[in-house]
Amino acid sequence: MKTTLQLEEIAMLALGIYLYNTLPYPWWVFLALFLAPDIGMLGYLINSKIGALLYNVFHHKGLAIGIYSIGVYSTNPILQLAGIILFSHAAFDRILGYGLKYEKGFKFTHLGDIGKNN
């Protein structure tokens, strides 16, 4: 099952890259912004509850799709870019086994504990 989920996430990352290619930005912008959603980890400097909340907001694919959709509807390439970056980054993280976080700590995710063979 783990391999199947990883293949699904690889397909989603490929979709994000394809959609980025429809935007009028050079590729270095995608690369420069790709890790930007990890800003959500700064919430862990406050506590695990805030950290999990912020991390999950910046790594929620539904939110990413919503932002992208608003960008498409309003023909706003900045919102499209933001949605694609959030979506692509979340897919990449899940390929690596980093899921949405539980409040009890960073290593506890919906995909299992980070660092533990699942």
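Please refer to the structure placed before this passage.
Residues numbered from 1 in each chain as written. Predicted model: local features only at pLDDT ≥ 70, side-chain atom pairs only at ≥ 80, totals over all residues. Heavy atoms only, no water.

Visitor: Would you explain the nonpolar core in this entry?
Guide: Side chains of a nonpolar character, in soluble globular proteins, are inclined to be buried together. Of all hydrophobic cores here, the largest spans 17 residues; its most connected members are Leu-13, Tyr-20, Leu-23, Phe-30, Leu-81 and Ile-84. Counting only elements with at least two residues in this core, the list comes to α1 (2–20), α2 (27–33), α4 (61–73) and α5 (77–95). The element best represented in this core is α5, accounting for 7 residues. (Core = buried A, V, L, I, M, F, W, Y, C linked by side-chain atoms within 4.5 Å. Buried < 20%, exposed > 50% of the residue type's maximum accessible area, 1.4 Å probe, protein only. Helix = DSSP H or I, 4+ residues; strand = E, 2+ residues; numbered from the N terminus.)

Visitor: Even after reading the chapter, I still don't get α5, so can you show me in this structure?
Guide: Along an α-helix, a turn takes 3.6 residues, which lines up residues three or four apart on a common side. With 19 residues, α5 ought to run about 27 Å at 1.5 Å a step, and its terminal C-alpha atoms sit 27 Å apart, in line with that. Burial within α5 is extensive, with 14 of its 19 residues counted as buried. For α5, the N-terminal capping position is held by Asn-76, with its side-chain oxygen 2.9 Å away from the main-chain nitrogen of Ile-78. (Expected span 1.5 Å × (residues − 1). Polar contact = N/O pair within 3.5 Å; in protein donor to acceptor, adjacent residues only side chain to side chain.)

Visitor: Mind showing me how you'd approach the packing of α1 against α5 here?
Guide: In a pair of packed helices, the angle between the axes and the distance between the axes together describe the arrangement. In the contact formed by α1 and α5, the axes pass within 8 Å of each other and the chain directions differ by 155°. Put simply, α1 runs roughly antiparallel to α5. Taken as a pair, α1 and α5 cross one another with a handedness that is left-handed. Of the residues in α5, those touching α1 at Gln-6, Glu-9, Ile-10, Met-12, Leu-13, Leu-15, Gly-16, Ile-17, Leu-19 and Tyr-20 are Leu-81, Ile-84, Phe-87, Ser-88, Ala-91, Phe-92, Arg-94 and Ile-95. Of the residues assigned to the contact of α1 with α5, the class counts are 13 nonpolar, 3 polar and 2 charged. (Axes fitted to C-alpha atoms, helices over the stretch in contact; angles between N-to-C directions. Parallel < 35°, antiparallel > 145°, perpendicular 65-115°, else oblique. Left-handed = near helix turned anticlockwise from the far one by under 90°. Contact = heavy atoms within 4.5 Å. Nonpolar A, V, L, I, M, F, W, Y, C, P; charged D, E, K, R; others polar.)

Purely spatial values, then, with no claim about function.
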